[in-house]
Amino acid sequence: MTTFALEKVDHAALKTNQLTIILLNIVAFILNQPLLAAFVALVMGVGSALKAPGFGFVYSLLLKPRGWMKPDVLPDNPEPHRFAQFLGFLFMAGGSLALFGGANILGWALVWVVAALAALNAFGGFCVGCAIYYWLARLRLPGFTKQPPGGIIPGMKPKGSA
Amino acid sequence: MNGDLLLRFGFALGMIAVGVFAYWLLGQRLLARAQENVPALLDAPPQKPVIVYFTTPDCAPCKTVQRPALHQLLSLMGDRIRLIEIDATQRPDLARQWGVMSVPTTFLLNAQGEPRYVNNGVARLEKLLEQIKSL
């Protein structure tokens, strides 16, 4: 069964998470540090387990208190964003394992895929993981119960129209 | 070691450049789309620059940053510019026609009514001033 009730989601926390992932992934690649990529995977995994943006603490402890980033609370479904982060975790974990296993091209390619998708979300407002979630919901897959906020393309950042 | 680092740095820069180029292309596509829809919004050439500002009532950055920046711009420029504010929840048809994917989004039109700039997300006063000057 699909549901339409929306919750308040702070997109500033999500954006901080995405920007931090992009930055750390690029730094990990430039410095050739698989450990840093593994750290990003770990934080994303912990975030998925806690149902929160992995690097959300950067926002809540550093950026928000200093006023460097303002809350951007929109009516939205948190579940697709959690799913998107979990997908990112899987890619990052796979990338890290590949890097530690010596498959550098595959490893860094997966790291770049995560960075690119995070950039698409942060700068373009389109969440690929969320779009996949809504697509699976349309296929009535168990556990995927949410419908996209009204009037938007599934995966796009809501315009606050709900 | 340094060669490898430079190579990786160059590759990362290249990837970022590709991303920036894709973002620029998206902006150009939005401007072309906006051009097709200007006549529905303006009956005649406006004779002065126009800012078309898409917002929604519960868009936080619109309230805290974008609207104050636009009001500052209006107080600086007076009647030398025109501001058209569109609530995307009231006019989803317009938001769709103009290709607005998120709010705030601002389009800057020149005096002939041709869209010249699009800002996806918050555009601060300095940026708007710079864009207005180059119209």
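Residues numbered from 1 in each chain as written. Chains lettered and ligands numbered in written order. Predicted model: local features only at pLDDT ≥ 70, side-chain atom pairs only at ≥ 80, totals over all residues.

Participant: Sorry, what's going on with the confidence of the model for chain A here?
Facilitator: On average, residues of chain A carry a pLDDT of 92, and 93% of them reach 70 or more. Mean pLDDT across the secondary structure elements of chain A bottoms out at strand E2 (residues 73-76) of chain A, with 83, and peaks at helix H2 (residues 34-50) of chain A, with 98. (pLDDT = per-residue confidence, 0-100. Helix = DSSP H or I, 4+ residues; strand = E, 2+ residues; numbered from the N terminus.)

Participant: Explain the interface of chain B and chain A here, please?
Facilitator: A common way to express how large an interface is: the accessible area buried when the components associate. Across the contact, 23 residues belong to chain B and 18 residues belong to chain A. Where the side of chain B that touches chain A is concerned, the elements lending two or more residues are helix H1 (2-41), helix H2 (60-77) and helix H3 (92-97) of chain B. Per-element tally for the side of chain B that touches chain A: the top contributor is H1 of chain B, with eight residues. Broken down by class, the residue content of the side of chain B that touches chain A amounts to 15 nonpolar, five polar and three charged. (Contact = placed C-beta atoms within 7 Å. Nonpolar A, V, L, I, M, F, W, Y, C, P; charged D, E, K, R; others polar.)

Participant: It is not clear to me how the sheet that holds strand E4 (residues 115-120) of chain B should be interpreted in this structure. Could you clarify?
Facilitator: The strands making up a sheet are joined through hydrogen bonds of the backbone, oriented either antiparallel or parallel. Residues and elements named next belong to chain B. Pairing in this open sheet of four strands is mixed, and the strands run E2-E1-E3-E4 from one edge to the other. Sheet topology places strand E2 (82-87) and E4 at the edges, where each strand pairs with a single neighbour. Neighbour-to-neighbour, the strand axes of the sheet open up by a mean angle of 15 degrees, direction not taken into account. Pairing analysis gives five bridges linking strand E3 (residues 105-109) to E4, with the strands arranged antiparallel. Looking at E4, one finds that Thr 105 is bridged to Asn 120. This element, H1, spans strand E1 (50-55), E2, E3 and E4 of the sheet and lies at about 115 degrees to E4. (Pairing = 2+ DSSP bridges. Axes fitted to C-alpha atoms, helices over the stretch in contact; angles between N-to-C directions.)

Participant: Got a minute to help me understand the packing of helix H1 (residues 11-30) of chain A against H2 of chain A in this structure?
Facilitator: Residue and element names in this part refer to chain A. Contact geometry for H1 and H2: axes closest at 8 Å, N-to-C directions at 160 degrees. Comparing their axes, H2 and H1 come out roughly antiparallel. For the pair H1 and H2, the sense of crossing is left-handed. Touching Ile 21, Leu 24, Asn 25, Val 27 and Ala 28 of H1 are Leu 36, Ala 37 and Val 40, all from H2. For the contact of H1 with H2, the class distribution of residues is seven nonpolar, one polar and no charged. (Parallel < 35°, antiparallel > 145°, perpendicular 65-115°, else oblique. Left-handed = near helix turned anticlockwise from the far one by under 90°.)

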